[in-house]
Amino acid sequence: MTDNKNMITNPLLLNFLNKGDNRKLYDDYCRQPSPETKELLNKRFADFYYEVRMISYLSKIIHFEAKKFDAKIRKHYKRYKLVLDNSVNPADEHLVFSQYLADDHSNHESSASCRLEDHIQDPTLNKAVRKLTERQKEVLYWSIVEEMKDIEIAAKLNVSQQAVSKTRNNALLKLRRDYHV
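As the structure is a computational prediction, the values presented were derived from the model and not from experiment.

Turning next to the overall build of the protein. If you tally the helices and strands in the protein, you get nine helices and zero strands. Along its sequence from the N terminus, the protein presents helices and strands in the succession α-α-α-α-α-α-α-α-α. In the protein, which comprises 181 residues, the proportion classed as buried is 29%. By sequence separation, contacts in the protein at least 24 residues apart represent 42% of the contacts at least 6 residues apart. Surface exposure of the protein reaches about 13100 Å², of which carbon and sulfur atoms provide 54%.

Here we take up the packing of aromatic side chains. For the coordinates displayed, the defined rule picks out five aromatic pairs. Ring geometry for Phe16 and Phe48: centres 5.5 Å apart, planes at 55°, overall tilted. Linking Phe16 in helix H2 (residues 11-18) with Phe48 in helix H4 (residues 35-79), this pair joins segments that are 32 residues apart in sequence. Each member of the pair, Phe16 as well as Phe48, is classed as buried. Judged by centre distance (6.4 Å) and plane angle (40°), the ring pair of Phe45 and Phe48 falls under tilted. Note that Phe45 and Phe48 are positioned in helix H4 at a spacing of three residues, about one turn of the helix. For Phe45, a relative accessible area of 25% corresponds to the partly exposed category. By relative accessible area, Phe48 is classed as buried at 9%. Through pairs of rings, three or more aromatic residues link up here, namely Phe16, Phe45, Phe48 and Tyr49. Note that Lys156 overlies the ring of Trp142, its terminal NZ or CZ placed 4.5 Å from the centroid.

Our next topic: the nonpolar core. Ranked by size, the top nonpolar core spans 20 residues in total, and within it Leu116, Leu125, Val129, Leu132, Leu140, Ile153 and Leu175 carry the most contacts. Where this core is concerned, the elements lending two or more residues are helix H6 (123-130), helix H7 (134-145), helix H8 (150-157) and helix H9 (161-179). Setting aside anything within four residues of it in sequence, one finds Val129 in contact with Leu116, Glu117, Ile120, Lys137 and Leu175. The next biggest cluster of nonpolar side chains, apart from the first, holds seven residues, and it includes Ile8, Phe16, Leu41 and Phe48.

Angle between the axes and distance between the axes: these two values describe a pair of packed helices. Between H6 and H9, the least distance of the axes is 9 Å, while the angle of their chain directions is 130°. Taken together, H6 and H9 sit at an angle that is classed as oblique. Judged by the twist between their axes, the crossing of H6 over H9 is right-handed. Packed against H6, whose contacting residues are Thr124, Leu125, Ala128 and Val129, the element H9 presents Leu175, Asp178 and Tyr179 at the interface. A class-by-class count of the residues in the contact of H6 with H9 yields five nonpolar, one polar and one charged.

Turning to unusual backbone geometry, a few remarks are in order. Unusually for a residue other than glycine, Glu147 sits at a positive phi of about 55°. Relative to the helices and strands, Glu147 resides in the loop between H7 and H8. For Asn158, which is not a glycine, the phi torsion comes out positive at approximately 60°. Mapped onto the elements of the fold, Asn158 is located in the loop between H8 and H9.

Mean pLDDT over the protein works out to 79, with 76% of the residues at or above the 70 mark. In this model residues 104-111 is a low-confidence stretch, pLDDT under 50, and it forms five contacts with partners more than four residues away in sequence or in other chains.

With that out of the way, let us pick up the packing of H7 against H8. Look at H7 against H8: their axes get within 10 Å of each other, and the N-to-C directions meet at 130°. Taken together, H7 and H8 sit at an angle that is classed as oblique. Of the two possible hands of crossing, H7 and H8 adopt the one that is right-handed. Side by side, H7 and H8 meet where Arg135, Glu138, Val139, Trp142 and Ser143 of the first sit next to Ile153, Lys156 and Leu157 of the second. When grouped by side-chain class, the residues that make up the contact of H7 with H8 number four nonpolar, one polar and three charged.

Cut-offs and rules
- The residue numbering used here restarts from 1 in each chain and proceeds along that chain's sequence as written.
- Owing to the predicted nature of the model, reporting of local features is limited to residues with pLDDT of at least 70; listing and counting of side-chain atom pairs is limited to 80 or more, with chain, interface and lining totals taken over all residues.
- Side-chain descriptors were evaluated using all non-hydrogen atoms of the structure, hydrogens and water having been removed beforehand.
- The helix count covers DSSP runs of H or I at least four residues long, the strand count covers runs of E at least two residues long, and both are numbered beginning at the N terminus.
- Here the term buried applies to any residue with accessible area under 20% of the maximum for its type, exposed to any over 50%, and partly exposed to those in between, with areas from a 1.4 Å probe on protein chains only.
- The contact definition used throughout considers only heavy atoms, calling two residues in contact when any of these lie within 4.5 Å.
- Here the open area of atoms and residues is found with the Shrake-Rupley method and a 1.4 Å probe, where only the protein chains shown may cover a residue.
- Only centres within 6.5 Å qualify two rings of Phe, Tyr or Trp (six-membered ring in Trp) as a pair; their planes then separate them into stacked at under 30 degrees, edge-to-face at over 60, and tilted for everything else.
- Put simply, a charge is over a ring when the Lys NZ or the Arg CZ is close to the ring centre, within 6 Å, and near the line of the ring normal, within 35 degrees.
- Residues belong to a common nonpolar core when they are buried Ala, Val, Leu, Ile, Met, Phe, Trp, Tyr or Cys residues joined through side-chain atoms within 4.5 Å.
- Every axis corresponds to a line fitted to the C-alpha atoms, with the helix fit spanning only the stretch in contact, and the corresponding angles, defined between N-to-C directions, vary from 0 to 180 degrees.
- Here roughly perpendicular refers to angles of 65 to 115 degrees, roughly parallel to angles under 35, roughly antiparallel to angles over 145, and oblique to all remaining angles.
- Here a crossing is called left-handed whenever its near helix is offset anticlockwise from the far helix by less than a right angle, and right-handed whenever the offset is clockwise.
- Here the term charged refers only to Asp, Glu, Lys and Arg, the term nonpolar to Ala, Val, Leu, Ile, Met, Phe, Trp, Tyr, Cys and Pro, and the term polar to all other amino acids, Gly among them.
- Every residue is assigned a pLDDT by the predictor, reflecting its confidence on a scale from 0 to 100.

Have a look at this one:
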């Protein structure tokens, strides 16, 4: 009689036989086949196979949900690149964009202004802002100074929310480019 251990090459069966006392049950069945041993062996294998399929299914769900979550986070950060508390210059992580806005308590006459330039203290950033179009300045003013949402700005300017988002993103790209020069 040949050794059954050397004949089995299927990884699923090998893992089944290495788990618990399945090897002993299998060897017993090979030496003395009986309907009870066969039924017990089949039941254990069915339970083992169900467990393997469940683990595989859950692992795939976790994998694809993680990919979907990662894409969602990347999309969010791509849309909302500039936040007032984020660093303007990656080399100067201690400087944040909100530091360049004028303090409302220190200068009451400039805070009443509807011009974005009047709310910026940093001369380099102010120079970069002056290069923007009037519409870009207006959108940035409502977005940053007045903290309005895109949909509110769109209603105020009588344009679509997508147009506001595109205008703001283009303005921020120009500011990043001009500010680092």
